[in-house]
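# Chains, contacts and geometry: an overview
Letter by letter, the chains look like this.
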Amino acid sequence: MGWTRNQIAARVAQDIPDGAYVNLGIGMPTLVADHVPPGKEFVLHTENGMLGMGPAALDGEIDVDLINAGKIYVTENPGASYFHHADSFAMIRGRHLSHCVIGAYQVAQNGDLANWRTTSPTTIPGVGGAMDLAVGAQHVFVAMELFTRSGECKLVKACTYPLTATQCVERVYTDLGVFEPGPDGVAVVELHASATLDDLRHRSGLDLIDALPKS
Amino acid sequence: MAINKVVESAEQAISGIDDGATLMVSGFGPPGQPEAVLEAVLAKGVTDLTIINNNAGAGGVAISRLFAAKRVRKVVCSFPKAIGSTIFDELYLAGEIELELVPQGTLAERIRAAGAGITGFFTPTGYGTELAEGKEVRVIDGVPSVFERPLFADFALVRGHRGDRYGNLVFRKTGRNFGPIMAAAAEVTIAEVGGVLPQLDPEVIATPGIYVDRVVVGADTGADTLPATGTEA
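Attention in this report is confined to the structure presented alongside it. (Residues numbered from 1 in each chain as written. Chains lettered and ligands numbered in written order. Predicted model: local features only at pLDDT ≥ 70, side-chain atom pairs only at ≥ 80, totals over all residues.)

### Quick look at the sheet that holds strand β6 (residues 106–108) of chain A
Residues and elements named next belong to chain A. Spatially, three strands are ordered β7-β6-β9 in an open sheet, and the strand pairing comes out mixed. Pairing within the sheet leaves two strands with one partner each, and these edge strands are β7 (113–114) and β9 (155–156). As paired strands, β6 and β7 are joined by two bridges and run antiparallel to one another. By the bridge assignment, Q106 is partnered in β7 with A114. (Pairing = 2+ DSSP bridges. Helix = DSSP H or I, 4+ residues; strand = E, 2+ residues; numbered from the N terminus.)

Put into C-alpha coordinates, the structure is as follows:
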(Lines give C-alpha, C1' and ligand atoms only; values in the text may rest on other atoms or scores of the structure.)
Protein backbone atom coordinates (compact mmCIF):
# COMPACT_ATOMS: atom_id res chain seq x y z
CA MET A 1 0.00 0.00 0.00
CA GLY A 2 1.26 3.45 -0.88
CA TRP A 3 0.73 6.89 0.54
CA THR A 4 -2.87 7.99 1.11
CA ARG A 5 -4.47 10.92 -0.70
CA ASN A 6 -3.97 13.07 2.39
CA GLN A 7 -0.33 12.02 2.66
CA ILE A 8 0.24 12.91 -1.00
CA ALA A 9 -1.39 16.30 -0.44
CA ALA A 10 0.76 16.91 2.64
CA ARG A 11 3.87 16.00 0.63
CA VAL A 12 2.93 18.55 -2.06
CA ALA A 13 2.41 21.23 0.60
CA GLN A 14 5.97 20.67 1.86
CA ASP A 15 7.34 21.72 -1.54
CA ILE A 16 5.37 24.95 -1.76
CA PRO A 17 7.18 27.88 -0.13
CA ASP A 18 5.76 30.25 2.44
CA GLY A 19 3.86 33.14 0.89
CA ALA A 20 3.11 31.33 -2.38
CA TYR A 21 0.07 32.17 -4.50
CA VAL A 22 -1.43 28.78 -5.30
CA ASN A 23 -4.26 27.42 -7.41
CA LEU A 24 -5.57 24.00 -6.36
CA GLY A 25 -7.54 21.81 -8.75
CA ILE A 26 -10.57 19.72 -7.92
CA GLY A 27 -10.12 16.42 -6.05
CA MET A 28 -6.84 15.42 -4.41
CA PRO A 29 -5.20 18.83 -5.08
CA THR A 30 -7.90 20.52 -2.96
CA LEU A 31 -6.63 18.53 0.05
CA VAL A 32 -3.34 20.46 -0.07
CA ALA A 33 -5.16 23.33 1.68
CA ASP A 34 -5.70 21.05 4.71
CA HIS A 35 -1.97 20.34 5.06
CA VAL A 36 -0.28 23.72 5.05
CA PRO A 37 2.80 23.20 7.26
CA PRO A 38 3.04 25.24 10.49
CA GLY A 39 4.74 28.56 9.87
CA LYS A 40 3.68 28.77 6.20
CA GLU A 41 0.90 30.86 4.72
CA PHE A 42 -0.40 30.26 1.18
CA VAL A 43 -2.76 32.60 -0.66
CA LEU A 44 -5.24 30.45 -2.56
CA HIS A 45 -6.44 31.57 -5.99
CA THR A 46 -9.71 30.35 -7.43
CA GLU A 47 -10.02 31.09 -11.13
CA ASN A 48 -13.62 32.25 -10.95
CA GLY A 49 -12.24 35.45 -9.46
CA MET A 50 -10.79 35.40 -5.97
CA LEU A 51 -7.51 35.45 -4.07
CA GLY A 52 -7.50 34.60 -0.39
CA MET A 53 -10.02 31.79 -0.58
CA GLY A 54 -10.77 30.20 2.77
CA PRO A 55 -12.07 26.72 3.64
CA ALA A 56 -15.38 25.31 2.45
CA ALA A 57 -18.36 27.09 4.03
CA LEU A 58 -20.20 25.31 6.82
CA ASP A 59 -23.99 25.41 6.76
CA GLY A 60 -24.32 28.65 8.67
CA GLU A 61 -21.58 30.36 6.64
CA ILE A 62 -22.93 29.86 3.12
CA ASP A 63 -23.04 33.03 1.04
CA VAL A 64 -24.80 32.48 -2.28
CA ASP A 65 -22.37 34.84 -4.03
CA LEU A 66 -19.23 33.04 -2.86
CA ILE A 67 -18.16 29.81 -4.55
CA ASN A 68 -14.91 28.30 -5.82
CA ALA A 69 -14.05 26.95 -9.26
CA GLY A 70 -15.46 23.57 -8.24
CA LYS A 71 -18.75 25.39 -7.51
CA ILE A 72 -18.47 24.64 -3.79
CA TYR A 73 -19.49 27.34 -1.30
CA VAL A 74 -16.34 28.67 0.33
CA THR A 75 -15.27 31.38 2.75
CA GLU A 76 -13.10 34.47 2.62
CA ASN A 77 -9.73 34.71 4.36
CA PRO A 78 -8.29 38.00 5.66
CA GLY A 79 -6.60 39.79 2.77
CA ALA A 80 -8.99 38.35 0.17
CA SER A 81 -9.76 40.14 -3.08
CA TYR A 82 -12.25 39.70 -5.92
CA PHE A 83 -11.74 40.36 -9.63
CA HIS A 84 -13.34 39.58 -12.96
CA HIS A 85 -12.49 36.63 -15.19
CA ALA A 86 -10.14 38.45 -17.56
CA ASP A 87 -8.07 39.64 -14.60
CA SER A 88 -8.17 36.20 -13.03
CA PHE A 89 -6.71 34.58 -16.14
CA ALA A 90 -4.30 37.45 -16.76
CA MET A 91 -2.90 36.55 -13.35
CA ILE A 92 -2.57 32.93 -14.46
CA ARG A 93 -1.15 33.45 -17.97
CA GLY A 94 0.96 36.35 -16.79
CA ARG A 95 2.92 33.91 -14.59
CA HIS A 96 1.97 35.59 -11.34
CA LEU A 97 0.77 32.38 -9.68
CA SER A 98 3.72 30.53 -8.25
CA HIS A 99 2.12 27.08 -8.13
CA CYS A 100 -0.80 25.15 -9.45
CA VAL A 101 -1.60 21.65 -8.26
CA ILE A 102 -3.76 19.64 -10.61
CA GLY A 103 -4.93 16.12 -11.28
CA ALA A 104 -4.14 14.21 -14.46
CA TYR A 105 -5.29 11.34 -16.63
CA GLN A 106 -1.75 11.02 -17.98
CA VAL A 107 1.63 12.73 -17.69
CA ALA A 108 4.22 11.96 -20.38
CA GLN A 109 7.89 11.45 -19.59
CA ASN A 110 8.66 14.82 -21.23
CA GLY A 111 6.13 16.63 -19.01
CA ASP A 112 3.21 16.74 -21.45
CA LEU A 113 -0.09 16.83 -19.55
CA ALA A 114 -3.44 15.25 -20.40
CA ASN A 115 -6.10 16.09 -17.84
CA TRP A 116 -9.15 17.49 -19.59
CA ARG A 117 -10.82 14.74 -21.57
CA THR A 118 -10.63 11.09 -22.34
CA THR A 119 -11.25 9.66 -25.78
CA SER A 120 -14.63 8.18 -24.86
CA PRO A 121 -17.24 9.24 -27.45
CA THR A 122 -19.93 9.57 -24.79
CA THR A 123 -18.15 12.04 -22.53
CA ILE A 124 -18.86 15.72 -22.87
CA PRO A 125 -15.67 17.69 -23.49
CA GLY A 126 -15.03 20.44 -20.96
CA VAL A 127 -11.71 22.20 -20.54
CA GLY A 128 -12.35 24.98 -18.02
CA GLY A 129 -9.15 26.70 -16.92
CA ALA A 130 -6.86 23.67 -17.19
CA MET A 131 -4.99 24.80 -20.30
CA ASP A 132 -4.41 28.29 -18.92
CA LEU A 133 -3.14 26.98 -15.58
CA ALA A 134 -0.82 24.47 -17.25
CA VAL A 135 0.91 27.14 -19.37
CA GLY A 136 0.72 29.96 -16.86
CA ALA A 137 1.70 28.81 -13.38
CA GLN A 138 5.41 29.08 -12.61
CA HIS A 139 5.42 25.55 -11.17
CA VAL A 140 2.92 22.93 -12.32
CA PHE A 141 2.58 20.07 -9.84
CA VAL A 142 0.42 17.03 -10.53
CA ALA A 143 -1.11 15.02 -7.67
CA MET A 144 -2.56 11.67 -8.68
CA GLU A 145 -2.56 7.93 -8.08
CA LEU A 146 0.22 6.36 -10.17
CA PHE A 147 -1.98 3.60 -11.59
CA THR A 148 -5.59 3.58 -12.77
CA ARG A 149 -8.06 1.21 -11.14
CA SER A 150 -7.47 -1.16 -14.03
CA GLY A 151 -3.71 -1.08 -13.42
CA GLU A 152 -2.50 1.20 -16.21
CA CYS A 153 0.34 3.54 -15.34
CA LYS A 154 -0.58 7.22 -15.68
CA LEU A 155 3.06 8.17 -16.24
CA VAL A 156 3.54 7.29 -19.89
CA LYS A 157 5.99 7.56 -22.79
CA ALA A 158 3.53 9.70 -24.73
CA CYS A 159 0.00 10.71 -23.82
CA THR A 160 -2.74 8.87 -25.64
CA TYR A 161 -5.42 11.19 -24.28
CA PRO A 162 -5.79 14.70 -25.76
CA LEU A 163 -3.17 17.10 -24.44
CA THR A 164 -3.83 19.96 -22.05
CA ALA A 165 -0.39 21.50 -22.61
CA THR A 166 3.06 20.42 -23.71
CA GLN A 167 6.12 19.95 -21.47
CA CYS A 168 4.60 21.80 -18.54
CA VAL A 169 4.64 19.38 -15.59
CA GLU A 170 7.49 19.91 -13.14
CA ARG A 171 6.70 17.28 -10.52
CA VAL A 172 4.28 14.39 -10.12
CA TYR A 173 3.26 13.37 -6.60
CA THR A 174 1.71 9.91 -6.33
CA ASP A 175 0.91 7.18 -3.86
CA LEU A 176 4.07 5.27 -4.81
CA GLY A 177 6.63 8.00 -5.44
CA VAL A 178 7.54 11.51 -6.50
CA PHE A 179 8.66 11.96 -10.10
CA GLU A 180 10.20 14.68 -12.25
CA PRO A 181 9.51 14.48 -15.98
CA GLY A 182 12.01 16.12 -18.28
CA PRO A 183 13.76 16.05 -21.64
CA ASP A 184 15.89 13.07 -20.56
CA GLY A 185 12.99 11.08 -19.14
CA VAL A 186 11.40 10.64 -15.74
CA ALA A 187 13.57 11.01 -12.64
CA VAL A 188 12.40 9.28 -9.45
CA VAL A 189 13.11 11.55 -6.51
CA GLU A 190 11.22 9.64 -3.80
CA LEU A 191 9.82 6.14 -3.49
CA HIS A 192 7.28 4.69 -1.08
CA ALA A 193 8.70 1.86 1.04
CA SER A 194 6.46 -0.66 -0.74
CA ALA A 195 7.82 0.19 -4.20
CA THR A 196 11.10 -0.55 -5.96
CA LEU A 197 12.59 1.11 -9.02
CA ASP A 198 12.74 -2.16 -10.92
CA ASP A 199 9.13 -2.98 -10.16
CA LEU A 200 7.98 0.47 -11.30
CA ARG A 201 10.15 0.25 -14.43
CA HIS A 202 8.49 -3.04 -15.21
CA ARG A 203 4.94 -1.83 -14.54
CA SER A 204 5.33 1.54 -16.28
CA GLY A 205 7.49 0.52 -19.21
CA LEU A 206 9.58 3.65 -18.59
CA ASP A 207 13.38 3.93 -18.16
CA LEU A 208 13.09 5.59 -14.78
CA ILE A 209 16.16 7.60 -13.79
CA ASP A 210 17.37 6.97 -10.25
CA ALA A 211 17.48 10.35 -8.51
CA LEU A 212 16.72 8.99 -5.06
CA PRO A 213 18.62 10.41 -2.10
CA LYS A 214 21.60 8.19 -1.35
CA SER A 215 21.73 6.91 2.21
CA MET B 1 -33.05 65.26 -19.98
CA ALA B 2 -31.77 63.33 -16.99
CA ILE B 3 -30.14 60.06 -17.93
CA ASN B 4 -32.09 57.10 -16.62
CA LYS B 5 -31.22 53.61 -17.81
CA VAL B 6 -33.42 51.90 -15.25
CA VAL B 7 -36.37 50.12 -16.86
CA GLU B 8 -39.49 48.90 -15.10
CA SER B 9 -39.50 45.23 -16.03
CA ALA B 10 -37.33 42.41 -17.31
CA GLU B 11 -39.68 42.23 -20.30
CA GLN B 12 -38.81 45.82 -21.19
CA ALA B 13 -35.16 45.17 -20.54
CA ILE B 14 -34.95 42.44 -23.18
CA SER B 15 -36.65 44.47 -25.90
CA GLY B 16 -34.97 43.75 -29.24
CA ILE B 17 -33.82 40.21 -28.44
CA ASP B 18 -35.16 38.19 -31.34
CA ASP B 19 -34.68 34.76 -32.90
CA GLY B 20 -31.08 34.10 -33.89
CA ALA B 21 -29.57 36.56 -31.44
CA THR B 22 -26.15 36.03 -29.88
CA LEU B 23 -26.32 36.49 -26.10
CA MET B 24 -23.50 36.72 -23.61
CA VAL B 25 -24.70 35.60 -20.20
CA SER B 26 -22.65 36.25 -17.08
CA GLY B 27 -22.37 33.75 -14.26
CA PHE B 28 -20.05 31.07 -12.99
CA GLY B 29 -22.16 28.61 -11.08
CA PRO B 30 -25.08 30.39 -9.42
CA PRO B 31 -23.26 33.68 -8.62
CA GLY B 32 -23.69 36.28 -11.33
CA GLN B 33 -26.61 34.66 -13.17
CA PRO B 34 -29.15 37.23 -14.39
CA GLU B 35 -32.09 35.01 -13.51
CA ALA B 36 -34.95 37.47 -13.98
CA VAL B 37 -33.71 38.62 -17.40
CA LEU B 38 -33.22 35.02 -18.54
CA GLU B 39 -36.74 34.16 -17.39
CA ALA B 40 -37.99 36.99 -19.58
CA VAL B 41 -36.01 35.68 -22.57
CA LEU B 42 -37.54 32.24 -21.97
CA ALA B 43 -41.05 33.70 -21.66
CA LYS B 44 -40.63 35.69 -24.88
CA GLY B 45 -40.13 32.43 -26.73
CA VAL B 46 -37.15 33.48 -28.87
CA THR B 47 -35.19 30.62 -30.36
CA ASP B 48 -32.14 29.75 -32.47
CA LEU B 49 -30.00 31.58 -29.93
CA THR B 50 -26.22 31.50 -29.60
CA ILE B 51 -25.23 31.59 -25.93
CA ILE B 52 -21.79 32.64 -24.71
CA ASN B 53 -21.49 31.56 -21.08
CA ASN B 54 -18.82 29.69 -19.19
CA ASN B 55 -20.96 26.71 -18.28
CA ALA B 56 -23.52 26.16 -21.02
CA GLY B 57 -26.62 26.33 -18.98
CA ALA B 58 -25.38 24.94 -15.72
CA GLY B 59 -25.45 26.77 -12.43
CA GLY B 60 -28.67 28.70 -12.90
CA VAL B 61 -32.27 27.62 -13.04
CA ALA B 62 -33.37 29.96 -15.82
CA ILE B 63 -30.51 29.28 -18.23
CA SER B 64 -30.96 25.52 -17.76
CA ARG B 65 -34.59 25.92 -18.77
CA LEU B 66 -33.55 27.86 -21.88
CA PHE B 67 -31.43 24.88 -22.96
CA ALA B 68 -34.11 22.35 -21.96
CA ALA B 69 -36.66 24.24 -24.07
CA LYS B 70 -34.32 23.83 -27.09
CA ARG B 71 -34.02 27.55 -27.68
CA VAL B 72 -30.26 27.38 -28.08
CA ARG B 73 -28.63 26.52 -31.42
CA LYS B 74 -25.02 27.03 -30.41
CA VAL B 75 -23.05 27.52 -27.23
CA VAL B 76 -19.58 29.02 -26.78
CA CYS B 77 -18.18 27.98 -23.41
CA SER B 78 -15.28 26.41 -21.54
CA PHE B 79 -17.03 23.83 -19.40
CA PRO B 80 -20.44 22.49 -20.41
CA LYS B 81 -20.41 19.60 -17.95
CA ALA B 82 -22.56 20.23 -14.93
CA ILE B 83 -23.01 18.68 -11.55
CA GLY B 84 -26.64 17.72 -11.19
CA SER B 85 -27.74 18.62 -14.74
CA THR B 86 -27.73 16.45 -17.84
CA ILE B 87 -29.62 18.82 -20.12
CA PHE B 88 -26.60 19.88 -22.15
CA ASP B 89 -25.21 16.34 -22.29
CA GLU B 90 -28.42 14.99 -23.78
CA LEU B 91 -28.70 17.74 -26.40
CA TYR B 92 -25.02 17.43 -27.35
CA LEU B 93 -24.95 13.66 -27.64
CA ALA B 94 -28.15 13.82 -29.71
CA GLY B 95 -26.45 16.30 -32.06
CA GLU B 96 -29.04 18.96 -31.30
CA ILE B 97 -26.64 21.68 -30.20
CA GLU B 98 -23.41 23.07 -31.58
CA LEU B 99 -20.50 23.49 -29.15
CA GLU B 100 -17.51 25.80 -29.53
CA LEU B 101 -15.22 24.85 -26.66
CA VAL B 102 -12.78 27.58 -25.61
CA PRO B 103 -10.24 27.48 -22.75
CA GLN B 104 -11.61 29.57 -19.91
CA GLY B 105 -8.90 32.21 -19.96
CA THR B 106 -9.06 32.47 -23.74
CA LEU B 107 -12.84 32.86 -23.50
CA ALA B 108 -12.42 35.69 -21.00
CA GLU B 109 -9.69 37.38 -23.03
CA ARG B 110 -11.62 37.10 -26.33
CA ILE B 111 -14.55 38.82 -24.62
CA ARG B 112 -12.26 41.44 -23.09
CA ALA B 113 -10.61 42.02 -26.48
CA ALA B 114 -13.99 42.58 -28.14
CA GLY B 115 -14.88 45.26 -25.63
CA ALA B 116 -11.44 46.85 -25.79
CA GLY B 117 -11.16 47.13 -29.57
CA ILE B 118 -8.41 44.54 -29.81
CA THR B 119 -8.77 42.70 -33.12
CA GLY B 120 -6.96 39.55 -32.01
CA PHE B 121 -4.19 38.32 -29.77
CA PHE B 122 -1.63 35.54 -29.40
CA THR B 123 -1.73 33.32 -26.31
CA PRO B 124 0.31 30.28 -25.25
CA THR B 125 -2.87 28.65 -23.91
CA GLY B 126 -4.00 25.73 -26.03
CA TYR B 127 -0.79 25.42 -28.06
CA GLY B 128 -0.20 21.81 -29.12
CA THR B 129 -3.76 20.78 -28.25
CA GLU B 130 -6.81 19.94 -30.31
CA LEU B 131 -8.41 23.25 -29.32
CA ALA B 132 -5.75 25.06 -31.36
CA GLU B 133 -6.25 22.99 -34.50
CA GLY B 134 -6.65 25.17 -37.59
CA LYS B 135 -5.50 28.30 -35.78
CA GLU B 136 -2.46 30.38 -36.69
CA VAL B 137 0.57 29.64 -34.48
CA ARG B 138 3.59 31.90 -34.08
CA VAL B 139 6.63 31.51 -31.90
CA ILE B 140 7.03 34.86 -30.16
CA ASP B 141 10.18 35.34 -28.08
CA GLY B 142 10.48 31.58 -27.94
CA VAL B 143 6.89 31.01 -26.81
CA PRO B 144 4.64 29.10 -29.21
CA SER B 145 1.38 31.06 -29.29
CA VAL B 146 -2.06 30.62 -30.80
CA PHE B 147 -3.96 33.42 -32.54
CA GLU B 148 -7.39 34.11 -31.08
CA ARG B 149 -10.10 36.48 -32.27
CA PRO B 150 -12.37 38.74 -30.25
CA LEU B 151 -15.80 37.48 -29.27
CA PHE B 152 -18.75 39.86 -29.67
CA ALA B 153 -22.45 39.52 -28.90
CA ASP B 154 -25.66 41.27 -29.84
CA PHE B 155 -26.70 41.45 -26.19
CA ALA B 156 -24.91 40.96 -22.89
CA LEU B 157 -27.08 39.87 -19.98
CA VAL B 158 -25.09 40.57 -16.84
CA ARG B 159 -25.80 40.52 -13.16
CA GLY B 160 -24.58 43.23 -10.81
CA HIS B 161 -25.11 43.68 -7.10
CA ARG B 162 -26.14 47.34 -7.18
CA GLY B 163 -26.64 49.80 -10.00
CA ASP B 164 -27.63 53.41 -10.48
CA ARG B 165 -29.55 55.35 -13.12
CA TYR B 166 -26.32 55.94 -15.06
CA GLY B 167 -25.78 52.21 -15.47
CA ASN B 168 -22.81 52.11 -13.13
CA LEU B 169 -22.47 48.70 -11.50
CA VAL B 170 -20.87 47.16 -8.46
CA PHE B 171 -20.58 43.40 -8.02
CA ARG B 172 -20.57 41.11 -5.04
CA LYS B 173 -17.89 38.47 -4.28
CA THR B 174 -17.51 35.79 -6.97
CA GLY B 175 -20.67 37.10 -8.65
CA ARG B 176 -18.44 39.51 -10.57
CA ASN B 177 -16.97 36.76 -12.83
CA PHE B 178 -17.81 37.63 -16.48
CA GLY B 179 -20.01 40.68 -15.79
CA PRO B 180 -17.57 43.56 -16.39
CA ILE B 181 -16.02 42.08 -19.55
CA MET B 182 -19.28 40.96 -21.13
CA ALA B 183 -20.86 44.36 -20.44
CA ALA B 184 -18.26 45.91 -22.75
CA ALA B 185 -18.46 43.33 -25.55
CA ALA B 186 -22.07 43.55 -26.73
CA GLU B 187 -24.11 45.95 -28.85
CA VAL B 188 -26.65 46.22 -26.04
CA THR B 189 -25.92 45.46 -22.40
CA ILE B 190 -28.71 44.65 -20.00
CA ALA B 191 -27.75 44.66 -16.34
CA GLU B 192 -29.88 42.93 -13.74
CA VAL B 193 -29.08 44.18 -10.25
CA GLY B 194 -30.16 43.38 -6.72
CA GLY B 195 -31.09 47.00 -6.20
CA VAL B 196 -30.78 50.51 -7.61
CA LEU B 197 -29.25 53.23 -5.46
CA PRO B 198 -29.39 56.99 -6.09
CA GLN B 199 -25.62 57.09 -6.13
CA LEU B 200 -22.73 54.63 -6.01
CA ASP B 201 -19.31 55.38 -4.60
CA PRO B 202 -17.23 56.26 -7.69
CA GLU B 203 -14.23 54.53 -6.13
CA VAL B 204 -15.84 51.08 -6.05
CA ILE B 205 -17.65 51.02 -9.40
CA ALA B 206 -16.39 47.96 -11.33
CA THR B 207 -18.40 48.60 -14.50
CA PRO B 208 -18.80 52.24 -15.51
CA GLY B 209 -22.19 53.10 -16.97
CA ILE B 210 -20.79 53.75 -20.45
CA TYR B 211 -20.96 49.98 -21.01
CA VAL B 212 -24.52 49.54 -19.79
CA ASP B 213 -27.70 50.33 -21.72
CA ARG B 214 -30.48 49.10 -19.46
CA VAL B 215 -30.73 48.35 -15.75
CA VAL B 216 -33.47 46.22 -14.23
CA VAL B 217 -34.00 45.09 -10.66
CA GLY B 218 -34.08 41.35 -9.93
CA ALA B 219 -33.77 39.36 -6.73
CA ASP B 220 -31.33 40.57 -4.10
CA THR B 221 -28.71 38.01 -3.09
CA GLY B 222 -27.08 39.64 -0.11
CA ALA B 223 -26.36 42.64 1.98
CA ASP B 224 -23.90 45.31 0.92
CA THR B 225 -20.44 44.09 1.74
CA LEU B 226 -19.00 47.56 1.99
CA PRO B 227 -20.51 50.59 3.68
CA ALA B 228 -19.00 52.54 0.80
CA THR B 229 -21.06 50.78 -1.87
CA GLY B 230 -23.51 53.61 -2.17
CA THR B 231 -26.09 55.82 -0.60
CA GLU B 232 -29.47 54.41 0.34
CA ALA B 233 -32.46 56.39 -0.80
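From this point, the discussion proceeds with the structure in view.
### What to know about the interface of chain B and chain A
On the side of chain A, 33 residues touch chain B, which itself brings 42 residues to the contact. Breaking the side of chain B that touches chain A down by element, the ones donating at least two residues are α4 (87–93), α5 (104–116) and α6 (179–183) of chain B. Residues belonging to the side of chain B that touches chain A are distributed by class as follows: 18 nonpolar, 16 polar and eight charged. (Contact = placed C-beta atoms within 7 Å. Nonpolar A, V, L, I, M, F, W, Y, C, P; charged D, E, K, R; others polar.)

### A closer look at unusual backbone geometry
If you check the backbone angles, R95 of chain A has positive phi at about 65 degrees while not being a glycine. Along the chain, R95 of chain A turns up in the loop between α2 (85–93) and β5 (99–102).

### Thoughts on the packing of helix α2 (residues 35–44) of chain B against helix α3 (residues 61–68) of chain B
Residues and elements named next belong to chain B. The N-to-C vectors of α2 and α3 enclose an angle of 20 degrees; their axes lie 8 Å apart at closest approach. Judged on the interaxial angle alone, α3 and α2 are roughly parallel. In the crossing of α2 with α3, the sense of the turn from one axis to the other is left-handed. Every residue of α3 that contacts α2 at E35, L38, E39, V41 and L42 is listed here: V61, A62, I63, R65 and L66. Considered class by class, the residues forming the contact of α2 with α3 number seven nonpolar, no polar and three charged. (Axes fitted to C-alpha atoms, helices over the stretch in contact; angles between N-to-C directions. Parallel < 35°, antiparallel > 145°, perpendicular 65-115°, else oblique. Left-handed = near helix turned anticlockwise from the far one by under 90°.)

### Here's the deal with α2 of chain A
Most of α2 of chain A is tucked away, with seven of its nine residues classed as buried. Restricting attention to buried positions, one finds in α2 of chain A the residues H85, A86, S88, F89, M91, I92 and R93 of chain A. Of the surrounding secondary structure, the elements contacted by the buried residues of α2 of chain A are β2 (43–46) and α3 (130–136) of chain A together with α5, β5 (121–123) and α6 of chain B. Where α2 of chain A terminates, the next one or two residues include R95 of chain A, which has phi positive at roughly 65 degrees. (Buried ≥ 20, exposed ≤ 12 C-beta atoms within 10 Å, placed from the backbone.)

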